[in-house]
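# Per-entry structural report
In case you want the letters, here they are:
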Amino acid sequence: MKSILFLLLIMCAAQARLGDEARKNEGNLPHNSVGKVCYEGTVTLDSTFNKEVLFISARSWLVSVFNSSKAVIEYEDKPAGKIMGKGNFLLVGYPQDDKYNRVEFSLIIQAKDGRYRYWISNYDMWAGPIEDVSSGNYRWLPNIYLDIDSVSKTLIQSLEKSMRATDADNNW
């Protein structure tokens, strides 16, 4: 009986430690003013990058990064230079099926002459928003926030590279 109680105590302590680790890592993610995880930025380019060129570059980036831009893009307004959509990615290295590894997010790209801005936010998984650490939904994934941060930063780097591509890069 003592050994069973001891084993349960160790399991509870391990779960609490995982939860603490997840909470610590979640704190490293950027948050907006309402406490949601949000990666955002404004990038200034030279004036040769007009709104139309940047809009086309953003759309091309969506086509190259996601399997189907039609499935990702929910709204686009070329005259306003704005694209809104939802994407997702799979976290690798976790022994669950796609349902548990899929992270969904919202994406907005808005272009103006010589600049654009982006927002990646509303991260969600099967158990709810990723900010919902207090309920313990994600404590079994202590590195989930580090992985989301890594994938998000890779997406942003890819977007920035694509948006800086010029017509000269395509004239071969």
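Scroll up to find the structure this text is about.
What counts and what doesn't
Residues numbered from 1 in each chain as written. Predicted model: local features only at pLDDT ≥ 70, side-chain atom pairs only at ≥ 80, totals over all residues. Heavy atoms only, no water. Phe/Tyr/Trp six-rings, centres within 6.5 Å; stacked < 30°, edge-to-face > 60°. Helix = DSSP H or I, 4+ residues; strand = E, 2+ residues; numbered from the N terminus. Buried < 20%, exposed > 50% of the residue type's maximum accessible area, 1.4 Å probe, protein only.

## Comments concerning the packing of aromatic side chains
Throughout the structure, instances matching the rule amount to five aromatic pairs. Taking 5.8 Å as the distance between ring centres and 40 degrees as the angle between the ring planes, the aromatic pair formed by Phe89 and Phe105 counts as tilted. Here Phe89, found in strand β3 (residues 82-90), pairs with Phe105, found in strand β4 (residues 102-112); they are 16 residues apart in sequence, far enough to count as distant. Accessibility assignment for this pair places Phe89 and Phe105 in one class, buried. Summarising the aromatic geometry, the rings of Phe105 and Tyr123 are spaced 6.1 Å apart at their centres and angled 35 degrees between planes, so their arrangement reads as tilted. Here Tyr123 lies in strand β5 (residues 115-125) and Phe105 lies in strand β4, a separation of 18 residues in the sequence. Of the two residues, Phe105 and Tyr123, neither departs from the other in class, the shared state being buried. Pairwise contacts between aromatic rings join Tyr39, Trp61, Phe66, Phe89, Phe105 and Tyr123 into one cluster.

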